[in-house]
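Each chain, written out:
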Amino acid sequence: MSRCTHTHGRTLCFECFRAGMERTRARREAWAQRSLPFEADSPAKPLTAQAIAHRRQMLEYLATTGRRRA
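Residues numbered from 1 in each chain as written. Predicted model: local features only at pLDDT ≥ 70, side-chain atom pairs only at ≥ 80, totals over all residues. Heavy atoms only, no water.

Asks: Account for the pattern of salt bridges, with residues named and values stated.
Replies: Charged atoms that come close allow side chains of opposite charge to pair. One pass over the full model with this rule turns up three salt bridges. Between E22 and R18 there is a salt bridge, and its shortest N-O distance comes to 3.8 Å. Of this pair, E22 and R18 are both found in helix 1 (residues 14-32), four residues apart, which corresponds to roughly one turn of the helix. The exposure class of R18 is partly exposed, given its relative accessible area of 47%. Notably, a salt bridge pairs E29 with R25, separated by 2.9 Å at the nearest N-O pair. Of the two residues, E29 and R25 are both situated in helix 1; the distance of four residues between them amounts to about one turn of the helix. Taking the relative accessible area as the measure of exposure, E29 reaches 39% and is therefore partly exposed. On the basis of relative accessible area, R25 is assigned to the partly exposed category, the value being 38%. Via salt bridges that share partners, R18, E22, R25 and E29 belong to a single interconnected network. (Salt bridge = Lys/Arg side-chain N within 4 Å of Asp/Glu carboxyl O. Helix = DSSP H or I, 4+ residues; strand = E, 2+ residues; numbered from the N terminus. Buried < 20%, exposed > 50% of the residue type's maximum accessible area, 1.4 Å probe, protein only.)

Right, dumping it as structure tokens:
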């Protein structure tokens, strides 16, 4: 439930509501600032044969789609 320390029964006061929103916002910002998987610090993971085949298939699809529009 909520962390409302005031005695309002089941009603949440604005002060406690706002504090909860600030905690949620802080969590979201912390999550957004985590390191990204493609940064230079992380070692590159080799692609599997299935992943390479999928990328080739997608590139071929994009190439044929581009030819139809031109």
